Amino acid sequence: MSRQKFTSGDFHQLGIYDLELIRRLGKAGKKLLQSGVYSKTDILQLFKKLVEDPIGFKHPDSLLQNLAGQIVESSFHLNQQDTNIHKPIEETAILSQPLYYKVFGKEQIETDALEQMDTAMRLPVSKAGALMPDAHVGYGLPIGGVLATDSNVVIPYAVGVDIACRMCMSIFNIREKELGKLRFKLKESIIDQTIFGFGGETSSHVDTGLFDRKEWQTTKTIRELKDLAYSQHGTSGAGNHFVEWGVLEVKKEDDILKIPQGNYIALLSHSGSRGFGAQIAKKYSEIACQLRNLPNQAKHLSWLNLDSEAGEEYWLAMNLAGAYASDNHH
């Protein structure tokens, strides 16, 4: 029995998501298992009763009784005033009609995408929105949808599953006239050095310094996903991602790029945050869904308060995923 262990999933099934509370319960659970008196199922049932009513909890085991006292003192117990535990609250109502939003190229946009955007604009935290001509159905919010919310909330699935998916153009100081003799070499470089497909992993790593950033050690979720992110660093994923050579025409020098007028060879890439970003979106959207209890058509638009523990964690992870997505291109 002592070889059994508790996982975060065990506590999530009890409606417990607070990281500090999970740590305390896990430590206590390990000791109780080692005593040989309780099974894992017994302990989880005791934990459920303890967390639901730590004030009224009575048990002859001093470890459990002391833990109940710690929870009361730390305000971890589940009640309507507690915002640290991700306990589902009463159903959150949405507006009967969507707020007005601008649609560009409406005649080219599929009905399902328009309906998704309508739902997003019915959220009580929505403030403004717009739909681009290339919009199509996504997770919660349409791909090509733009949504502005209250300043203190974030919707993981509105940010997207592929966090910070983007285009990146690298312009080389090589004139178009050189394209003829370089064509084979450029084609060969794409074939040899790009990796596509679900779960694709890089064959060689370039040290950009990204993985030295302190953010990789800040939360358990990020630490657990670091190896996955490293294994896919510099790859492009599946779907509509691509890498392609082309010719860029610079009609006049601008104030930012400082590139002289002319035609240049350029590399255009389309990629995002790979499995790292997808796992972040999935985890924190699940937490948000537990909190909000929205109607079925709006569940994937559940939000997190940015001043909550989960909201702060997601914001940190999301920004790191953005830096990772950018680094993939470079």
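These notes cover the structure that comes with them. (Residues numbered from 1 in each chain as written. Predicted model: local features only at pLDDT ≥ 70, side-chain atom pairs only at ≥ 80, totals over all residues. Heavy atoms only, no water.)

### Section: the overall build of the protein
Here is the rule: Put simply, DSSP H or I for four residues or longer makes a helix, DSSP E for two residues or longer makes a strand, and each gets a number counted from the N terminus. Each radius of gyration reported is based on C-alpha atoms, and the globular scaling rule is 2.2 Å times the count of residues to the power 0.38. Buried residues are those whose accessible area, probed at 1.4 Å on protein chains only, stays under 20% of the maximum for their type, while exposed residues exceed 50% and partly exposed ones sit between those limits. Pairs of residues are marked as contacts when any of their non-hydrogen atoms sit within 4.5 Å. All accessibility values rest on the Shrake-Rupley procedure with a 1.4 Å probe; residue burial counts only the protein chains present in the view.
A tally of regular secondary structure across the protein gives 10 helices and eight strands. The C-alpha atoms of the protein give 25 Å as radius of gyration, which overshoots the globular expectation for 330 residues (20 Å, by more than 25%). Oriented by its inertia axes, the alpha-carbon framework of the protein measures out at about 85 × 50 × 30 Å. When burial is assessed residue by residue, the protein has 42% of its 330 residues classed as buried. Within the protein, contacts between residues separated by at least 24 positions form 67% of all contacts whose residues are at least 6 apart in sequence. Put simply, the protein shows about 18,600 Å² of open surface, and 51% of that area lies on carbon and sulfur atoms.

### What to know about the environment of A113
One can find A113 in helix α5 (residues 111-120). Its relative accessible area of 0% is what places A113 among the buried residues. Setting aside its immediate chain neighbours within four residues, A113 contacts L131, H136, V137 and P142.

### Topic: the nonpolar core
What counts, and what does not: For this analysis, a nonpolar core means a set of buried residues of the types Ala, Val, Leu, Ile, Met, Phe, Trp, Tyr and Cys, connected via side-chain atoms within 4.5 Å.
Counting residues in each nonpolar core, the largest one holds 23 residues, and the members touching the most others are W216, F276, I280, L304 and Y314. Elements supplying a minimum of two residues to this core: α8 (220-231), α9 (274-292) and α10 (309-329). If you tally residues by element for this core, the top one is α10, at eight residues. Apart from the residues lying within four places of it in its own chain, the contact partners of F276 are W216, L225, L228, A229, Q232, L320, A321 and Y324. Judged by nonpolar contacts, the second largest core, of 20 residues, contains L147, L294, A298 and W303.

### Focus on the packing of aromatic side chains
Definition in use: Two rings from Phe, Tyr or Trp (for Trp, the six-membered ring) form a pair when their centres are within 6.5 Å of each other. A pair whose planes differ by under 30 degrees is stacked, one over 60 is edge-to-face, and the rest are tilted. In our convention, an over-ring charge means Lys NZ or Arg CZ found within 6 Å of a ring centre and within 35 degrees of that ring's normal.
Under the definition given, this model contains eight aromatic pairs. With centroids separated by 6.2 Å and ring planes inclined at 45°, the aromatic side chains of F6 and F47 adopt a geometry described as tilted. A residue pair is termed long-range when its members are at least 10 positions apart, and F6 in the segment before α1 (8-12) and F47 in helix α3 (residues 40-52) qualify at 41 residues. A centroid spacing of 4.9 Å and a plane angle of 25° characterise the contact between F211 and W216, whose relative ring orientation is stacked. Residue classification places F211 among the buried residues on the basis of a relative accessible area of 14%. Pairwise contacts between aromatic rings join F211, W216, Y230, F276 and Y324 into one cluster. K102 extends its terminal NZ or CZ atom over the ring of F104, reaching a point 5.7 Å from the ring centre. Cation over ring: K283 sits above Y284, and NZ or CZ is 5.7 Å from the ring centre.

### Describing the pattern of salt bridges
Let me state the cut-off plainly: Counted as salt bridges are all cases of a side-chain nitrogen of Lys or Arg within 4 Å of a carboxyl oxygen of Asp or Glu.
Inspection of the entire model under this criterion finds five salt bridges. The closest approach of N and O atoms between D150 and K127, which form a salt bridge, is 3.3 Å. On the criterion of sequence distance, the pair formed by D150 in the loop between β3 (143-149) and β4 (153-154) and K127 in strand β2 (residues 126-136) is long-range, its members being 23 residues apart. A relative accessible area of 54% places K127 in the exposed class. Put simply, K282 and E286 hold a salt bridge, and the shortest N to O gap is 2.9 Å. Note that K282 and E286 are positioned in helix α9 at a spacing of four residues, about one turn of the helix. On the basis of relative accessible area, E286 is assigned to the partly exposed category, the value being 41%.

### Considerations on the sheet that holds strand β7 (residues 262-271)
To keep things clear, this is the line we draw: Following DSSP output, two strands are said to pair if at least two bridges run between them. As a rule, the C-alpha atoms of each element are fitted with a line to give its axis, helices using only the stretch in contact, and angles between N-to-C directions run from 0 to 180 degrees.
With antiparallel pairing, three strands are arranged side by side in an open sheet as β5-β7-β6. Looking at strand neighbours, the two that pair on one side only are β5 (166-175) and β6 (242-250), the edges of this open sheet. Neighbouring strand axes in the sheet, compared pairwise and without regard to direction, differ in orientation by 30° on average. Across seven bridges, the pairing between β5 and β7 is antiparallel. In the sheet register, S170 faces β7, and the bridge partner there is L267. Packed onto the sheet, α10 meets β5 and β7 and runs at close to 30° relative to β5.

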